[in-house]
Structures are given as C-alpha cells and as structure tokens.
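# Report on the structure
As a plain string of letters, each chain reads:
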Amino acid sequence: MTGGVPLGLVGVFGGSIAAFAALLPVCVGVDRIRSVLADKDLLRERAVGIAPYVGGLALVLAVNKGFIRRIEAFSFEYGYRATTAIYAVEGDLVAAIQDAVPRWAVYYFGPMYVVGYVVLLAFPLAAYAVAERLRPLKRLVAAYAVNYAVAIACYAGIVAYGPRNYPTVAGADPSAATVEPLLLDWFGGVTQLTSQVNAATNVFPSLHTALSVTVVLAAVSTHEEFPRWTPVAAFLAGSIVVATVFLGIHWVTDVVAGGVLAAGSVAVANRLVD
C-alpha cells in the first residue's frame, strides 16, 4: 500500500499514463488535439452527442459492479456448470501452451494483461474524441456496452472456472495436467485488485478477448484517419489474448467465444449508431 492506495493500482495508473504520453503524439498528433480542444463549441457538441452512449455504458458497468456477487450466486443456483465440458473439448491445451512458453515471459504477459489492457481500451476513446466525426467514438462506446451486457448474461447463466482452478471443480479429471496460476504467483497484488471487479467463474466468454478484438475491429475501420494506431492496437490485442491463456486465466474455448462476442457486439453497435 502507498498512502492507502494499492501498489498494483499505482503501477497500472503510472504505466497507463506513460503509454498515453507516448502514443498520443504519434498516433493522434498534437496539432489535432490542440485544434479540437480550442474549439469550445465543438467540445460542447461532442459532449452532448456522446452522453447517451456513455450513460448506457456506465449503467451496464454499474450493474456489473453492484450485482457481481448476486450474479455469481444466481449462476451457482441456476447456471449450467460448464468447466468439465470445456476440458472435455480441449483437454490439456492450456497446460501445453504454458510448457511451450518460457517462464520469464510472465514479465511481459503479466503487465500486458493488466496495463496493456487498460491502454488498449482507454486510448481509442481519447483518440476518437478528436476524430473528424463522432461516429467512431459512439460505435466504440456502444460496442463496449454490448460486450459487457452479453458477458454479464453469460456469467449469470454459465458457471465456468478457468484452467488454473480446474482441479478444484467437482468431477474434474484427476489425470489432467497442472496449469500454473502465473498471474497470482508473480503478480499477487494485481490479482487482488482485479478480484474486486470480477468473480472466479466469470470465464466464458473471455471479456479481455472480446474487448481487445472489438478495439482492433474499430481500429481497422478508422485506419485511414489513424493509421499508426492500427498496428499498435493489433499488437496489444494479440499480446493480451495470448496472455489470458498463458497466465492460466482462460481456456482457449473462452478466447474463441470472446472473439465471436466482439464481432457480434461491433455489428450491433453499428446498427445502434446508424
């Protein structure tokens, strides 16, 4: 703790600020930012235009945060227990991936999973706020909201533990290979931070994957206006997706489902904005 603030939160905030400082002038441009900030009428118009979308996202996030334990209790009472079914489909694939990647890679994938994820999701919000049109920002915020809303519904209806927790699940295969909880072992403080907004059974689909792929799809659609952001977004998203599996947090099945959720959310967001 630092003055009552968890060290993990300090690290995430500091790393995110540093990344923003590097990316804004390269991927957006200082002149573009200054011109938009200098136009008070444009800022007011954009604030009014994006407000309903931000309000919708805030409502979904508030439901997730405020009812996380109730949603978890509901899923235990009525949800489908999918962990053993997922293992039956992919077996020891996650353990094999961990064995194939050297352990020192946790120093890359750990920060990517936390800091890289924050940067990937937050940076395009700042970039699209100064875009020529407001549509990319509206579409991205709407897609975030749809992703979260569908994921919450899935978490309420499906009880699924990640591969690191598989041995503790009733009916687990005793011969299953061990998946190490690398994020917990190497970044315990960060794990305590994420547990405040997540539950151990919030696995299917992978929301990290869904939101990361959503950002990449948005980046591709705005490549003409922000060409330097597209490869950065793809690199960060790819690293985060790999991290979710390598760190033992998600099954590959969760990742595939997250990709499908992202594509569907972007399609719905396009319809909502149109």
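Throughout what follows, the structure given in this document is the object of discussion. (Residues numbered from 1 in each chain as written. Predicted model: local features only at pLDDT ≥ 70, side-chain atom pairs only at ≥ 80, totals over all residues. Heavy atoms only, no water.)

## Some thoughts on the overall build of the chain
- Looking only at helices and strands, the chain features 13 helices and two strands.
- At 19 Å, the chain has a C-alpha radius of gyration in line with the 19 Å of a compact globule built from 274 residues.
- If you line up the chain on its principal axes, its C-alpha atoms span 65 × 40 × 40 Å.
- Burial status across the chain gives 46% buried among its 274 residues.
- Residue pairs in contact within the chain that sit at least 24 positions apart in sequence constitute 88% of those at least 6 positions apart.
- Within the structure as shown, the chain displays about 13200 Å² of accessible surface, and the carbon and sulfur contribution to it stands at 67%.
- In the chain, which carries 17 positive and 17 negative side-chain charges, the distance between the mean positions of the two groups comes to 9 Å. (Helix = DSSP H or I, 4+ residues; strand = E, 2+ residues; numbered from the N terminus. Rg over C-alpha atoms; globule rule 2.2 N^0.38 Å. Buried < 20%, exposed > 50% of the residue type's maximum accessible area, 1.4 Å probe, protein only. Contact = heavy atoms within 4.5 Å. Areas by Shrake-Rupley, 256 points an atom, 1.4 Å probe, with all protein chains shown as cover. Lys, Arg positive; Asp, Glu negative; His and termini not counted. Charge placed at Lys NZ, Arg CZ, Asp CG, Glu CD.)

## Concerning the environment of Ser-265
- For Ser-265, the location among the structural elements is in helix H13 (residues 252–273).
- According to the relative accessible area criterion, Ser-265 is buried, its value standing at 1%.
- Spatially, the C-alpha atoms of Ser-265 and Val-12 are 27 Å apart, while their sequence positions differ by 253 residues.
- Discounting residues that sit within four places of it in the chain, Ser-265 has contacts with Ala-143, Val-146 and Asn-147.

## Description of the pattern of salt bridges
- Tallied over the entire structure, the rule returns five salt bridges.
- Two residues, Arg-44 and Asp-41, come together in a salt bridge whose shortest N-O distance is 3.0 Å. On the criterion of helical spacing, the pair formed by Arg-44 and Asp-41 is a turn pair, its members being three residues apart in helix H3 (residues 40–66).
- Classification of Asp-41 as exposed rests on a relative accessible area of 54%.
- Put simply, Glu-180 and Arg-103 hold a salt bridge, and the shortest N to O gap is 2.8 Å. Of the two residues, Glu-180 sits in the loop between strand S2 (158–159) and helix H9 (182–186) while Arg-103 sits in the loop between helix H6 (93–100) and helix H7 (106–128), which places them 77 residues apart along the sequence.
- The exposure class of Glu-180 is partly exposed, given its relative accessible area of 31%.
- Relative accessible area serves as the criterion here: at 25%, Arg-103 is assigned to the partly exposed category. (Salt bridge = Lys/Arg side-chain N within 4 Å of Asp/Glu carboxyl O.)

## Examining the nonpolar core
- Counting 62 residues, the largest nonpolar core has Leu-120, Phe-123, Tyr-128, Trp-229 and Leu-247 as its most contacted members.
- When contributions to this core are tallied by element, the ones reaching two or more residues are helix H1 (7–28), H3, H7, helix H8 (135–157), H9, helix H11 (207–221), helix H12 (229–246) and H13.
- A total of 13 residues in this core trace back to one element, the largest contributor, which is H7.
- Excluding residues that lie within four positions of it along the chain, Leu-247 makes contacts with Gln-98, Val-106, Phe-109, Gly-110, Tyr-113, Glu-180, Pro-181, Leu-182 and Leu-183. (Core = buried A, V, L, I, M, F, W, Y, C linked by side-chain atoms within 4.5 Å.)

## Some words on the layout of surface pockets
- Taken as a whole, the second largest pocket encloses approximately 170 Å³ of empty space.
- Lining the second largest pocket, in full, are Glu-132, Arg-133, Arg-135, Pro-136, Arg-139, Ser-221, Thr-222, His-223, Glu-224 and Glu-225.
- A total of three residues in the lining of the second largest pocket trace back to one element, the largest contributor, which is H8.
- Across the lining of the second largest pocket, the residue classes break down as one nonpolar, three polar and six charged. (1 Å grid on protein atoms, 1.4 Å probe; cavity = no way out; pocket = protein on both sides within 12 Å on 5 of 7 lines; lining within 4 Å. Points joined across faces, edges and corners; volume = space filled by probe spheres on them. Nonpolar A, V, L, I, M, F, W, Y, C, P; charged D, E, K, R; others polar.)

## Quick notes on H3
- When the local axis directions of H3 are compared, the greatest deviation, roughly 40°, occurs at Ala-51, which is followed within four positions by the proline Pro-52.
- Residues Arg-46, Ile-50, Tyr-53, Leu-57, Val-60 and Asn-64 constitute the buried set of H3.
- Buried residues along H3 sit in contact with helix H4 (68–78), H7, H8 and H13.
- If you check the start of H3, you find a side-chain oxygen 3.3 Å away from the backbone N of Asp-41, and it comes from Asp-39. (Bend = angle between axes of the 7 residues up to and from the residue. Polar contact = N/O pair within 3.5 Å; in protein donor to acceptor, adjacent residues only side chain to side chain.)

## Describing a nonpolar patch on the surface
- Judged by side-chain polarity, Leu-59, Val-63 and Phe-67 come together as a nonpolar surface patch covering roughly 260 Å² of accessible area.
- If you trace the backbone, Leu-59 turns up in helix H3. (Patch = residues over 30% accessible without salt bridge, like charges linked within 9 Å, V, L, I, M, F, W, Y side chains within 5 Å.)

## Regarding the packing of H7 against H12
- H12 packs onto H7 with a crossing angle of 140° between their chain directions and a minimal axis gap of 8 Å. The orientation of H7 with respect to H12, classified from their angle, is oblique. Between H7 and H12 lies a crossing of left-handed hand. Facing H7, whose interface residues are Val-106, Tyr-108, Phe-109, Met-112, Tyr-113, Gly-116, Tyr-117, Val-119, Leu-120, Phe-123, Pro-124 and Tyr-128, H12 presents Trp-229, Ala-233, Phe-235, Leu-236, Ala-237, Ser-239, Ile-240, Val-242, Ala-243, Thr-244 and Phe-246.
- In the contact of H7 with H12, the residues fall into 20 nonpolar, three polar and no charged. (Axes fitted to C-alpha atoms, helices over the stretch in contact; angles between N-to-C directions. Parallel < 35°, antiparallel > 145°, perpendicular 65-115°, else oblique. Left-handed = near helix turned anticlockwise from the far one by under 90°.)

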